[in-house]
Amino acid sequence: QVQLVESGGGLVQAGGSLRLSCVASRWNNGLAWFRQAPGKEREFVAAINWAHSKTPYADSVKGRFTISRDNAKNTVYLQMNSLKREDTAVYYCAAGQDATMLSGQYTNWGQGTQVTVSS
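To keep things clear, this report deals only with the structure shown in the data block.

Cut-offs and rules
Residue indices begin from 1 for each chain and proceed along its sequence in written order. At least 70 in pLDDT is required for a residue's local features to be given in this predicted model, at least 80 for side-chain atom pairs to be given and counted, and no such filter applies to totals for whole chains, interfaces and linings, which use all residues. For side-chain calculations, the full set of non-hydrogen atoms in the structure is used, while hydrogens and water are omitted. What makes two strands pair is DSSP finding at least two bridges between them. Every helix listed is a DSSP run of H or I at least four residues long, and every strand listed is a run of E at least two residues long, numbered separately from the N terminus. To get an axis, fit a line to the C-alpha atoms, keeping to the stretch in contact for a helix; angles then go from 0 to 180 degrees between the N-to-C directions. Each aromatic pair joins two rings of Phe, Tyr and Trp (for Trp, the six-membered one) with centres within 6.5 Å, and gets the label stacked for planes under 30 degrees apart, edge-to-face for over 60, and tilted for any other angle. Per-residue accessibility, obtained with a 1.4 Å probe over protein chains only, is compared with the maximum for each type, and a residue is labelled buried under 20%, exposed over 50%, and partly exposed between these values. Ring-over charges, as used throughout, are those where CZ of Arg or NZ of Lys falls within 6 Å of the ring centre and within 35 degrees of the ring normal. In what follows, salt bridge is the name for a side-chain nitrogen of Lys or Arg lying within 4 Å of a carboxyl oxygen of Asp or Glu.

**Section: the sheet that holds strand S7 (residues 75–80)**
The strand order S1-S3-S7-S6 describes an open sheet built from 4 strands, whose pairing is antiparallel. Taken across any chain shown, the strands that pair with only one partner, and hence form the sheet edges, are strand S1 (4–7) and strand S6 (65–70). Averaged over all pairs of adjacent strands, the angle between their axes in this sheet comes to 15°, without regard to strand direction. Of the strand pairs in this sheet, S6 and S7 are connected by 6 bridges, and their pairing is antiparallel. Bridged to Asp70 within S7 is Thr75.

**Things to note about unusual backbone geometry**
Even without being glycine, Asn74 reaches a positive phi, approximately 50°. In this structure, Ser82 is a non-glycine residue whose phi angle is positive, near 50°. Along the chain, Ser82 falls in the loop between S7 and strand S8 (89–96).

**Section: the packing of aromatic side chains**
Scanning all chains against the criterion turns up 4 aromatic pairs. Considering the side-chain rings of Phe34 and Phe44, the 5.5 Å spacing of their centres and the 75° angle between planes classify their relative orientation as edge-to-face. In this pair, Phe34 sits in strand S4 (residues 30–36) while Phe44 sits in strand S5 (residues 43–48), placing the two residues 10 residues apart along the sequence. A single burial state applies to Phe34 and to Phe44, both of which are buried. Considering the side-chain rings of Tyr106 and Trp109, the 6.4 Å spacing of their centres and the 70° angle between planes classify their relative orientation as edge-to-face. These aromatic residues form a ring-pair network of at least three members: Phe34, Phe44, Tyr106 and Trp109. Here the guanidinium or amino end of Arg19 rests over the ring plane of Tyr77, the centre of that ring lying 4.0 Å away. It is Arg42 that lies over the ring of Tyr92; its NZ or CZ is 4.0 Å from the centre.

**Description of the pattern of salt bridges**
Tallied over the entire structure, the rule returns 5 salt bridges. The salt bridge involving Arg35 is made with Asp87; its shortest N-O contact spans 2.9 Å. Pair noted here: Arg35 is in strand S4 and Asp87 is in the loop between S7 and S8, with a separation of 52 residues, a long-range link. For Lys62, the salt bridge is made with Asp59, and the minimal N-O distance between the two is 3.2 Å. Residue Asp59 is classed as exposed on the basis of its relative accessible area of 64%.

Next comes the structure, spelled out in structure tokens:
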């Protein structure tokens, strides 16, 4: 079992930036971020594999969000720029065998961190 601990969420104005971090208790090839807004289903945001050769993004965040990882620290980051109100959600870190967009491929999940974007 992999423990995942997210941090970095908070309240930010539209157009602002936040950086989320997620520390994993051990190495995983696939690390990803998902999010869930109130009343909506959990959705994929971005993922990255160990080699940094696969970094899929949701269309809604392309060009604004950047996923990265520090393998030495078992940590994945999500740099979020040009934030919009519709980015408001609980953001979850996930770990699995590969960097995919499919939530079912991830076997371990963090508790989530709230991101709120105000107008």
